[in-house]
Amino acid sequence: MCSRMAAPASSVHPALKPLMAIVGQWSGVGKGYYPTIDSFEYREECTFEIQTKKPLLSYQQRTFHASSGAVLHQESGWLRAVPKEHGCRVELVVADATGVSSILEGDVTENGAPITLTSAAVATSGSCKEVNAVESRFEFSFDNGVPCMKRTLSMAAVGQELQQHLECDLRRSKAPVLQIEASEVLERIGNEDTVLLDVREMRETSVEPLSMAVAVPMGEACATWTSDGSPAHEAIFNHKHVIVTCRSGRRSQAAIDYFMSSTASDGAPFQFYNAV
């Protein structure tokens, strides 16, 4: 998929750092069950997107019938991050199409750690079925380099005690790309988990080389980025943060789009930055 979730790195509120693992677009398949209904299978799509300079992620989710593709459920809301000494407090405010509005809260200590959110409040419309409590959990892992998220939802409803209702295995289909100014590159490049890729052509780098960068000309990058052992492939898969630079920022964005749209790197386990 082409990467279009771009935001300035400076626009990411510091409180969101423990939550960056969840940012992006996710899709996968799941199954649902509850004592009062027949079990079923479904497809899910959900998005957590950065909001400029605010400790917020917008949230949207839809589920579809596994065979017919009919929409089963839709919900949207906001994930709020409240800074703490270690990590942050998370508040997920959600409204769904069945008439349920809920506030779920929990703590996260570091980026990539499991997130468990339990309901602090649940409100239902007059025509909605009884729902008394909700719990949502997100667990992160990697499958052959692709970020994965296991999402489970438990609820207490229609006279039943709190128990698991849904489970879904999701893979990140689109990760955010953060734009970074040249002045910030030097601050970040000293970190061991960060690499700088220069996608300018050889004639440009020979005149104005960047000693701290891995040189992968755009033409070479498109041909070899997904090949094991290539300079770009090795640099990317050995680092968590990948800064890509060129002369104007256009080729670097194109290179990022190409890599993230390739089958081998769909939802790659690193954060891309476009140096502009």
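I will try to describe carefully the structure that is included in this document. Treat the numbers as computed from the prediction; the structure is a model and nothing was measured.

Quick notes on the overall build of the protein chain
Then step 1. Within the protein chain, the secondary structure is distributed over 5 helices and 16 strands.
Then step 2. Within the span of the protein chain, comprising 276 residues, buried residues form 46% of the whole.
Then step 3. For the protein chain, the accessible area works out to roughly 13,800 Å², and carbon and sulfur atoms hold 49% of it.

Brief notes about the nonpolar core
The tendency in soluble globular proteins is for nonpolar side chains to be buried side by side.
Then step 1. Judged by nonpolar contacts, the single largest core of 48 residues is most densely connected at Leu19 and Leu57.
Then step 2. Apart from the residues lying within four places of it in its own chain, the contact partners of leucine 19 are Leu57, Leu79, Ala81, Cys88, Val90, Val108, Asn111 and Ile115.
Then step 3. Within the second largest apolar cluster, 15 residues are counted, among which are Val199, Val216, Ile236 and Phe259.

Some details on the side chain of glutamine 61
Then step 1. Take glutamine 61: it is sitting in strand S4 (residues 56-65).
Then step 2. Ignoring any residue separated from it by four or fewer positions in sequence, one finds glutamine 61 in contact with Glu44, Glu45, Cys46, His73, Gln74, Glu75 and Arg151.

Structural notes on helix H1 (residues 182-189)
Every α-helical turn comprises 3.6 residues, leaving residues that sit three or four positions apart pointing alike.
Then step 1. Along H1, the positions that sit buried rather than exposed are Glu184, Val185 and Ile189. All buried residues of H1 lie within an arc of 130 degrees about the axis, which places them on one face of the element. In H1, the exposed positions angled more than 90 degrees off the buried face are occupied by Ser183, Leu186 and Glu187.
Then step 2. Looking at the buried positions of H1, the neighbouring elements they touch are strand S12 (177-180), strand S13 (194-198), strand S15 (241-245) and strand S16 (271-275).

Observations concerning the pairing of strand S3 (residues 37-50)
Then step 1. Bridge count for strand S2 (residues 24-34) against S3 is 10 bridges, and the pairing is antiparallel. Residue valine 29 lies in a different strand from S3, and its bridge partner there is arginine 43.
Then step 2. Hairpin connection of S2 to S3: 2 residues between the antiparallel strands.
Then step 3. For S3 and S4, the ladder comprises 9 bridges, and the chain directions are antiparallel. For phenylalanine 48, the partnering residue across the bridge sits in S4 and is tyrosine 59.
Then step 4. Counting the residues between successive antiparallel strands, the hairpin from S3 to S4 contains 5 residues, one of them, lysine 53, with a positive phi of roughly 55 degrees.

Quick notes on the packing of aromatic side chains
Then step 1. Under the counting rule described, the total for this entry stands at 4 aromatic pairs.
Then step 2. Each ring, one from phenylalanine 40 and one from tyrosine 42, has its centre 5.9 Å from the other, and the planes form 40 degrees; the classification is tilted.
Then step 3. For phenylalanine 40, a relative accessible area of 28% translates into the label partly exposed.
Then step 4. On the basis of relative accessibility, which here comes to 3%, the residue tyrosine 42 falls in the buried class.
Then step 5. Taken together, the ring pairs in this structure connect Phe48, Tyr59 and Phe138 into an aromatic cluster.

Regarding the side chain of aspartate 96
Then step 1. Its location among the elements puts aspartate 96 in strand S6 (residues 88-96).
Then step 2. Summary of buried charges: aspartate 96 has no salt-bridge partner, and the nearest side chain of opposite charge, arginine 151, is 9.5 Å away.
Then step 3. A distance of 2.5 Å separates polar atoms of two side chains, one belonging to aspartate 96 and the other to threonine 98.
Then step 4. Once residues lying within four places of it in the same chain are set aside, the contact partners of aspartate 96 are His73, Gln74 and Glu75.

Topic: the sheet that holds strand S7 (residues 100-108)
Then step 1. Taken in spatial order, the 10 strands close into a barrel running S2-S3-S4-S5-S6-S7-S8-S9-S10-S11, and their pairing is antiparallel. Across this sheet, the average inter-strand angle for adjacent strands is 25 degrees, counted without regard to direction.

Topic: the environment of alanine 133
Then step 1. With respect to the helices and strands, the residue alanine 133 is situated in strand S9 (residues 131-143).
Then step 2. Alanine 133 has contacts with Ser119, Val122, Ser154, Met155, Ala156 and Leu162, leaving out every residue within four places of it along the chain.

Describing the pairing of S13
Then step 1. Counting buried positions over the 5 residues of S13 gives 5, a clear majority of the element.
Then step 2. Neither face of S13 is exposed, since Thr194, Leu196 and Asp198 on one face and Val195 and Leu197 on the opposite face are all buried.
Then step 3. As paired strands, S13 and S15 are joined by 5 bridges and run parallel to one another. The residue of S15 that forms the bridge with leucine 196 is isoleucine 243.
Then step 4. Bridge count for S13 against strand S14 (residues 214-215) is 2 bridges, and the pairing is parallel. Note that in S14 the partner of leucine 197 across the bridge is valine 214.

Analysis parameters
Residues numbered from 1 in each chain as written. Predicted model: local features only at pLDDT ≥ 70, side-chain atom pairs only at ≥ 80, totals over all residues. Heavy atoms only, no water. Helix = DSSP H or I, 4+ residues; strand = E, 2+ residues; numbered from the N terminus. Buried < 20%, exposed > 50% of the residue type's maximum accessible area, 1.4 Å probe, protein only. Areas by Shrake-Rupley, 256 points an atom, 1.4 Å probe, with all protein chains shown as cover. Core = buried A, V, L, I, M, F, W, Y, C linked by side-chain atoms within 4.5 Å. Contact = heavy atoms within 4.5 Å. Arc of directions from axis to C-beta. Pairing = 2+ DSSP bridges. Phe/Tyr/Trp six-rings, centres within 6.5 Å; stacked < 30°, edge-to-face > 60°. Lys, Arg positive; Asp, Glu negative; His and termini not counted. Salt bridge = Lys/Arg side-chain N within 4 Å of Asp/Glu carboxyl O. Polar contact = N/O pair within 3.5 Å; in protein donor to acceptor, adjacent residues only side chain to side chain. Axes fitted to C-alpha atoms, helices over the stretch in contact; angles between N-to-C directions.

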